[in-house]
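A look at the structure
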Amino acid sequence: MSAAAGLERPQVVSHVQQALSYTVFDCKWVPRSARLLCLGSAARGTGLVQLYELHGARLELLREIEKPKPIKCGTFGATSLQQRYLATGDFDGNLNIWNLEAPEIPVYSVKGHKEIINSIDGVGGLGIGEGAPEIVTGSRDGTVKVWDPRQNDTPVANMEPVQGESKRDCWTVAFGNAYNQEERVVCAGYDNGDIKLFDLKTMSLRWETNIKNGVCSVEFDRKDINMNKLVATSLEGKFHVFDMRTQHPTKGFASVSEKAQKSTIWQVRHLPQNRDIFMTSGGSGSLHLWKYEYPAQRSKKDSEGSEMGVAGSISLLQNVTLSTQPISSLDWSPDKKGLCVCGAFDQTVRVLIVTKLNKI
Amino acid sequence: MGDESVPYLLGEGTTKTYQIPISHLDYKFIEKCTDVKHLEKILRVLRSGEEGCYPELTLACEKRIECLDPRSRALRKEKPAATASDFTAEEWEAINSELMGWLTEMNEDDKKSQLLRTDTLNERQDNLPPIRCSSSCLPTSQNKKLQNKQRSKKNIPRDYSEWDKFDVEKECSKIDEDGEESNSKARFSSRTSLPMIEKKIDTTGMTKREKIFIATREKEKGNEAFATGDYLEAVTYYTRSISVIPTAAVYNNKALAEIKLQDWDNALQDCEKVLDMEPGNIKALMRRATVHSHLQNYQAAIEDLNNVLSVEPENSRAKKSLLEIEEKLKGLKPISEPQGKGKKILIEEIEDAESGEGKGEDTEECERHGGDTTSAAPAAAPPPPPPPPPPPPPPPPPPPPPPPPPPP
């Protein structure tokens, strides 16, 4: 009985597994193609970018690029659909933008941070996000910087701790609210559980909270709409979904949380074709596919008449265990619904197909 | 191990963890038990194997929990990814061929795009908005760095360092005193006024593929907004999609969103546009019939409904709407006709937006539920139906279909 019902749920199918000879930190689909990139660190301490193409049931290595420093993260978010330049952050704090057809010299390069760039995000490219293309980087040096590829050397915005304050590692950054040319927010998560929402239009802190455990990954459900939902994952297997449509003056945003498993949740990624479905990847090598359901009323008035949000509920659609090592990176294909790639610390990259997403 | 466990089982022993009486590890007890938490504990004990290995009992316990609370966390099991053996031959074939089809398409696309390149790109670059400077909307200048430092508005923390000096209590009290903080502006603006979204998208320099991608994305955003009841937002996104590539499907969806907003004129226009592109489009005819009905152009509505029925004689919604209109025409039509009530029923019967991806089902069901089901998206907020029933008895509202199956 439950088995039959089980078949109606989305299934996560393992399509290709590729063993790598290096540690992969990030994997990304190349937009408008069946190619994917793996970014990581080779044993001898150099950075590697490998470009694979999906051919039937195997991955063909098209190109391998080696760089002096190990690469931690990358994004296509700020590039146009034609150029498809890759922006990367490396272990040394350098932000580089590469043209993969001519990767010897970066198109843009800056030593943005003093320490490793943990996380990077881009907006305004690929037809996603109104306004200028921008890149945000979050680093262990505690700062979050926003860059415009047209401006060399200095960031267009910089969020850093004050002198004398202890710096907290910034583990994750995400853009959101980019629905017109002026509006944009950056959300940053830190190792002490802080989540800060910085409004780039007014250059001010719009909201902050603390979820008690280090924040491993934050993502808005869609970057280019009036901010709707934000998912923040943390250590100890918990993640929170915030309803960002209604901000209460003191209580901030309403949220619902869920405990997925006992280990760290490394990444959260929303399905590009449906903002209410997202996948989390865990330290125990598992992937969980979730669906968010909205409450009947998304906001209500509190005793003083201010609007406050009402969070909905989360249900688990499917879960699979792929490995014994953490799955540190995850990316949905923007072009094929249900196709995703994940990279794990067992030096394997896997291409998965999630079925039946249309029926949800 | 067997010998040591016997004394436990013989007497009124309890399990080591949770101290559950052994007599509870029993089929009859599990079947009758309604306390999910207790069952979860029993399940954990059974799974751990510390009282012995009882696979059938474990399964029975899982079934019971699923029966009571399908969302229970205890039901989550680790399992490997699915492979071909988990599917029927046809399903696997379908999955594979879909993927292969997409791969071939991508290959071809790629080859084409190699050829068209960079000229269009420079056009786009010039159209980009200026580089951000720390305060808003100022005349451009090349010297962004200096401006960043010099420009300072009172009380706006301009960089992170100021955040740590940010005193929440003080700020809250400032807000109470009607502080001019952009913080509060930012908050209020998101609440009281709708976000200013551009209705047109600048598509200079975009290839056809890019345009399709963007138009589809805007349509998806519109569908998502529709699903959560943000009809104005939905209309905006549909408008944006149309500004890139006008398609019948998007006009259709836009018409439905406008019907929800009771924007009859625009809805009519959009239905007409669909019918220009695709004469005989059933959904457009149904929707136009609804609009006509609300504008009291009953003859036109009847005509549209008859058109639908000539193509789909079994269309139950069309039949119902036809009946309603005929009854309205027959009976008195007081001006104060509780349009609300009539509207409400008609809205419930309208087919939902075309998502092209089967998303529609949910929306439709949630219409009929009127938002009672916790798992459905909230229904539209039409004006509350006025209390007195109209003289011609309205047809009973369609029986709600069974709620969508809860995720197992």
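Residues numbered from 1 in each chain as written. Chains lettered and ligands numbered in written order. Predicted model: local features only at pLDDT ≥ 70, side-chain atom pairs only at ≥ 80, totals over all residues. Heavy atoms only, no water.

The next subject is the overall build of chain B. In terms of helices and strands, chain B carries 19 helices and zero strands. Within chain B, buried positions represent 42% of all 408 residues. Across chain B, contacts joining residues at least 24 apart in sequence account for 54% of those joining residues at least 6 apart. Carbon and sulfur atoms make up 56% of the accessible area of chain B, which amounts to about 22600 Å² in all. (Helix = DSSP H or I, 4+ residues; strand = E, 2+ residues; numbered from the N terminus. Buried < 20%, exposed > 50% of the residue type's maximum accessible area, 1.4 Å probe, protein only. Contact = heavy atoms within 4.5 Å. Areas by Shrake-Rupley, 256 points an atom, 1.4 Å probe, with all protein chains shown as cover.)

Time to look at the environment of Val-186 of chain A. Residues and elements named next belong to chain A. With respect to the secondary-structure elements, Val-186 resides in strand 15 (residues 185-190). Each C-alpha atom, one on Val-186 and one on Leu-200, is 7.2 Å from the other, the two residues being 14 residues apart in sequence. Apart from residues lying up to four places away in sequence, Val-186 is in contact with Val-136, Val-144, Val-146, Ala-174, Phe-175, Lys-196, Leu-197, Phe-198 and Leu-200.

Looking now at helix 17 (residues 316-330) of chain B. Residue and element names in this part refer to chain B. A rise of 1.5 Å per residue sets the reference length of helix 17, with its 15 residues, at 21 Å; its end C-alpha atoms lie 21 Å apart and thus fit the reference within 8%. Those residues of helix 17 that sit buried are Arg-317, Ala-318, Ser-321, Leu-322, Glu-324, Ile-325 and Lys-328. On an axial view of helix 17, the arc spanned by its buried residues comes to 165 degrees, and they lie on one face. Counted as exposed and oriented over 90 degrees from the buried face of helix 17: Leu-323 and Lys-330. You can read the cap of helix 17 off the contacts: a side-chain oxygen lies 3.1 Å from the backbone nitrogen of Arg-317, and it is on Asn-315. (Expected span 1.5 Å × (residues − 1). Arc of directions from axis to C-beta. Polar contact = N/O pair within 3.5 Å; in protein donor to acceptor, adjacent residues only side chain to side chain.)

Residue and element names in this part refer to chain A. Reading across the sheet, the four strands line up as 2-3-4-5 and stay open at both edges, with antiparallel pairing between neighbours. Across the chains shown, the open sheet's two edge strands, defined by having one partner strand only, are strand 2 (23-29) and strand 5 (58-67). Neighbouring strand axes in the sheet, compared pairwise and without regard to direction, differ in orientation by 25 degrees on average. Bridge count for strand 3 (residues 35-41) against strand 4 (residues 47-55) is seven bridges, and the pairing is antiparallel. Bridge assignment links Leu-39 to a residue of strand 4, and that residue is Val-49. (Pairing = 2+ DSSP bridges. Axes fitted to C-alpha atoms, helices over the stretch in contact; angles between N-to-C directions.)

Now for the UniProt feature "repeat: WD" (unreviewed entry) in chain A. Taken from the UniProt record, the annotation "repeat: WD" (unreviewed entry) applies to residues 135-157 of chain A. Annotated as 0% helix and 43% strand, the span residues 135-157 of chain A places its first and last C-alpha atoms 10 Å apart. (UniProt positions renumbered as here; feature names shortened; annotations may be inferred.)

Our next topic: the UniProt feature "repeat: TPR" (unreviewed entry) in chain B. If you check UniProt for "repeat: TPR" (unreviewed entry), the listed places come out as residues 248-281 and 282-315 of chain B in our numbering. In residues 248-281 of chain B, the share of helix is 79% and the share of strand is 0%. The end C-alpha atoms are 9 Å apart.

For the rest of this paragraph, the subject is the packing of aromatic side chains. All names here are of chain A. A complete count under the given rule lists nine aromatic pairs over all chains for this structure. Residues Trp-266 and Phe-345 carry aromatic rings whose centres are separated by 5.2 Å and whose planes lie at 90 degrees to one another, so their mutual orientation is edge-to-face. With Trp-266 in strand 22 (residues 265-271) and Phe-345 in the loop between strand 29 (339-344) and strand 30 (348-354), this pair connects stretches of sequence that are 79 residues apart. Of the residues examined, Trp-266 reaches a relative accessible area of 30% and is grouped as partly exposed. (Phe/Tyr/Trp six-rings, centres within 6.5 Å; stacked < 30°, edge-to-face > 60°.)

Okay, the pattern of salt bridges next. Within this structure, the stated rule accounts for 40 salt bridges over all chains. Of the charged contacts in the structure, one is a salt bridge between Glu-115 of chain A and Lys-167 of chain A, with a shortest N-O distance of 3.3 Å. In this pair, Glu-115 of chain A sits in the loop between strand 9 (108-111) and strand 10 (117-123) while Lys-167 of chain A sits in the loop between strand 13 (157-159) and strand 14 (170-176), placing the two residues 52 residues apart along the sequence. By relative accessible area, which is 24% here, Glu-115 of chain A ends up partly exposed. The network of salt bridges with shared partners includes Glu-130 and Asp-224 of chain A together with Arg-217, Glu-218, Lys-221 and Arg-240 of chain B. (Salt bridge = Lys/Arg side-chain N within 4 Å of Asp/Glu carboxyl O.)

Now for the domain arrangement of chain B. Splitting chain B by domain gives domain 1 (14-67), domain 2 (196-245) and domain 3 (261-331). Each of domain 2 of chain B and domain 3 of chain B has a C-alpha centre, and the two are 26 Å apart. (Domains from an automatic or database assignment.)

In this section: the environment of Asp-276 of chain A. All names here are of chain A. Locating Asp-276 in the fold gives a position in strand 23 (residues 274-282). Given the relative accessible area of 6%, Asp-276 is considered buried. Spatially, the C-alpha atoms of Asp-276 and Gly-338 are 14 Å apart, while their sequence positions differ by 62 residues. Other than its neighbours up to four places away in sequence, Asp-276 contacts Lys-229, Trp-290, Lys-291, Tyr-292 and Tyr-294.

In this section: the packing of helix 13 (residues 248-260) of chain B against helix 15 (residues 282-294) of chain B. Residues and elements named next belong to chain B. Where helix 13 contacts helix 15, the axes come no closer than 10 Å and their chain directions differ by 25 degrees. With respect to each other, helix 13 and helix 15 are oriented roughly parallel. As for how helix 13 packs across helix 15, the hand of that crossing is left-handed. Counting all contacts with helix 13, which are made through Asn-252, Asn-253, Leu-256 and Ile-259, the residues of helix 15 involved are Lys-283, Ala-284, Arg-287 and Val-291. Class assignment of the residues belonging to the contact of helix 13 with helix 15 gives a composition of four nonpolar, two polar and two charged. (Parallel < 35°, antiparallel > 145°, perpendicular 65-115°, else oblique. Left-handed = near helix turned anticlockwise from the far one by under 90°. Nonpolar A, V, L, I, M, F, W, Y, C, P; charged D, E, K, R; others polar.)

Next up on the list: the confidence of the model for chain B. On average, chain B scores 70 in pLDDT, and the residues at 70 or more come to 59%. Considering only residues more than four positions removed or in separate chains, one finds that residues 178-192 of chain B, a stretch of pLDDT under 50, has 26 contacts. (pLDDT = per-residue confidence, 0-100.)

Residues and elements named next belong to chain B. The end-to-end C-alpha distance of helix 14 (residues 264-277) is 20 Å, a good match for the 20 Å that 14 residues give at a rise of 1.5 Å each. Among the residues making up helix 14, those that are buried are Trp-264, Ala-267, Leu-268, Asp-270, Cys-271, Val-274 and Leu-275. Considered in projection along helix 14, the buried side chains sweep an arc of 165 degrees and stay on one side of the axis. In helix 14, the exposed positions that point more than 90 degrees away from the buried face belong to Asp-265 and Asp-276.

Moving on, we get to the sheet that holds strand 16 (residues 194-199) of chain A. Residues and elements named next belong to chain A. Ordered by their spatial adjacency, four strands build an open sheet running 14-15-16-17, and the pairing between neighbours is antiparallel. This sheet does not close on itself; its edge strands, each paired only once, are strand 14 and strand 17 (204-210). Strand-to-strand twist of the sheet, defined as the mean angle between neighbouring strand axes without regard to direction, takes the value 15 degrees. Summarising the sheet, strand 16 and strand 17 pair through six bridges and their orientation is antiparallel. Paired with Asp-194 across the strands is Asn-210, a residue of strand 17.

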